[in-house]
Amino acid sequence: MSVLSTPLIADTLARLFSRVVKPSPKQAVRFADIPARVSTVAIPTRHGDTEADIYRPEGDPDGVYVNIHGGGFVVGHREQDDPWCRFLATRANVVVVNPDYLLAPDHRFPVAVEQLYDVVTWAGADERGWPGGRLCVGGQSAGGNLSASVSRLSLVHGGPPIALQVLHYAPLDLVTATGHKRSPRGGQAIMKPWMGEVFDTAYIPDRQRRRDPLASPAWGDNADEIAGIAPALVIACEYDRLRDEAAEYAKSLDAVAALVDYVEVPDVDHGYNIMSDAADVTRGMYELIAGRVRDAVS
């Protein structure tokens, strides 16, 4: 354990990151050819109102999808997923609810999980003007972890029913140190050991609490009691340090007949659809996800 795992140090670095790092997709993966019909709402949650952008398809929607952005639980904003939300609303014919949420270290686990569960519950209500009964949730990186957590809460609380959870290169084991997670690229992998130390400590300083199933669904025996959980599409990246935990969780989902598909994107690393110019790969994966969402809400 290094000095970066000291909460005071991790919190300071996380706050610095939040001021300096403003994730934004590279030009090639912004898909400017796909239009948008967007409005903004304030969604009430137990941790206060949070703003969300609502993307609507041209015709009557077939369902609703809550998108949760990434950023290691400490950085990020809903606008970074604008290209993806436009793409999904158009290709899957769903309303996309794209919220902000409270970030660490000012708001630690489980605040974001609880807030986003409230957002998903709000999106699934009958009175929203879309088919809330056909509800999906998904996200990439930390957003994938939070999507898995929300899906677990839906299982525990008996709703709202979720037709599909999309876990896109998600960290699913916060117990195992990032430096102990392997990548075919070795030290050239996007995720550096120090990043995991800082982000995970800022999010959950108490290492014992990282064993919570809402924090680490793929760790240990946390997936032993997930029968009945929302069907899942799990996507990993070949060079990502998080690949193995995604594959492990996919096996657990498959064991309870809750795995729709496990896909490993070849020749890319963590954050490929935002931090790289891999437009063809990104468009191909977006089409695949949109197809699974269409199937789930049809």
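This one's a predicted model, so the numbers in the text were calculated from it and none came from an experiment.

**As for the packing of aromatic side chains**
Under the criterion given, the structure shown has 11 aromatic pairs. When the centroid spacing of 5.9 Å and the interplanar angle of 70° are considered together, the rings of F31 and Y286 count as edge-to-face. Of the two residues, F31 sits in the loop between α1 (7-20) and β1 (38-43) while Y286 sits in helix α8 (residues 279-297), which places them 255 residues apart along the sequence. A relative accessible area of 5% means that F31 is categorised as buried. Judged by its relative accessible area of 3%, Y286 is buried. Between F109 and Y203 the ring centres are 5.8 Å apart and the planes differ by 75°, which places this aromatic pair in the edge-to-face class. With a gap of 94 residues between them, F109 in the loop between β4 (95-99) and α3 (111-123) and Y203 in helix α5 (residues 193-203) connect regions that are remote in the sequence. The two residues F109 and Y203 agree in class, both being buried. By way of ring pairs, the aromatic residues F31, Y65, W84, F87 and Y286 are connected into one cluster. The ring of F87 carries the charged tip of R91 above its face, separated from the ring centre by 4.9 Å.

**Here's the deal with the side chain of Q140**
Turning to its location among the elements, Q140 is positioned in strand β5 (residues 135-140). Take Q140: its relative accessible area is 6%, and that puts it in the buried class. Setting aside chain neighbours within four positions, we find Q140 in contact with I68, H69, G70, D81, H168, Y169, N273 and I274.

**Remarks on the pattern of salt bridges**
Applying the stated criterion across every chain, the model contains 16 salt bridges. Here R185 and D269 are joined by a salt bridge, their closest N and O atoms 3.2 Å apart. With a gap of 84 residues between them, R185 in the loop between β6 (164-168) and α5 and D269 in the loop between β8 (259-265) and α7 (272-275) connect regions that are remote in the sequence. Shared partners join several salt bridges into a network, and the residues in it are E51, D53, R78 and D100.

**A look at the UniProt feature "domain: Alpha/beta hydrolase fold-3" (unreviewed entry) in the protein chain**
With numbering aligned to this structure, UniProt lists the feature "domain: Alpha/beta hydrolase fold-3" (unreviewed entry) at residues 66-272. Structurally, residues 66-272 is divided into 31% helix and 15% strand, and its ends, taken at the C-alpha atoms, are 21 Å apart.

**Points about the sheet that holds β1**
Spatially, the 8 strands line up as an open sheet ordered β1-β2-β4-β3-β5-β6-β7-β8, and their pairing is mixed. The open sheet has two edge strands with one neighbour each: β1 and β8. The sheet shows a mean angle of 20° between the axes of neighbouring strands, direction not considered. Strand direction decides the pairing type here: strand β3 (residues 64-68) and β5, joined by 5 bridges, are parallel.

**Some remarks on the nonpolar core**
By size, the foremost hydrophobic cluster in this structure holds 43 residues, and its most contacted members are V66, V97, L146 and Y203. Counting residues per element, the ones that place at least two in this core are β2 (50-55), β3, β4, α3, β5, α4 (142-157) and α5. It is α3 that contributes the most residues to this core, 8 residues altogether.

**Considerations on the pairing of strand β7 (residues 232-237)**
Most of β7 is tucked away: 6 of the 6 residues are buried. The alternating pattern of β7 places A232, V234 and A236 on one face and L233, I235 and C237 on the opposite face, and all of these are buried. As paired elements, β6 and β7 share 4 bridges and run parallel to each other. Counted as the bridge partner of L167 is V234 from β7.

Cut-offs applied
What you see as residue numbers is a count from 1 along each chain, following the sequence as written. Where totals are concerned, whole chains, interfaces and linings use all residues; where local detail is concerned, this predicted model gives features only for residues with pLDDT of at least 70, and gives and counts side-chain atom pairs only at 80 or more. Only hydrogens and water are set aside when side-chain values are computed; all heavy atoms of the structure are taken into account. We call Phe, Tyr and Trp rings a pair once their centres come within 6.5 Å, taking the six-membered ring for Trp, and we label the pair stacked below 30 degrees between planes, edge-to-face above 60, and tilted otherwise. Counting from the N terminus, the helices are the DSSP runs of H or I reaching at least four residues and the strands are the DSSP runs of E reaching at least two. For every residue, the accessible area (1.4 Å probe, protein chains only) is compared with the maximum for its type, and the residue is labelled buried under 20%, exposed over 50%, or partly exposed between those bounds. A positively charged side chain is recorded as over a ring if its NZ (Lys) or CZ (Arg) lies within 6 Å of the ring centre. The angle to the ring normal must also be within 35 degrees. Residues count as neighbours in contact if any of their non-hydrogen atoms are within 4.5 Å of one another. A pair is scored as a salt bridge if a Lys or Arg side-chain nitrogen falls within 4 Å of a carboxyl oxygen belonging to Asp or Glu. UniProt positions are given in the numbering used here, feature names are shortened, and annotations may be inferred rather than shown by experiment. The rule for pairing is simple: two strands pair if DSSP sees at least two bridges between them. Think of each axis as a best-fit line through the C-alpha atoms, taken over the contacting stretch in the case of a helix, with angles from 0 to 180 degrees between the N-to-C directions. The criterion is simple. A nonpolar core is a set of buried Ala, Val, Leu, Ile, Met, Phe, Trp, Tyr and Cys residues joined through side-chain atoms within 4.5 Å.

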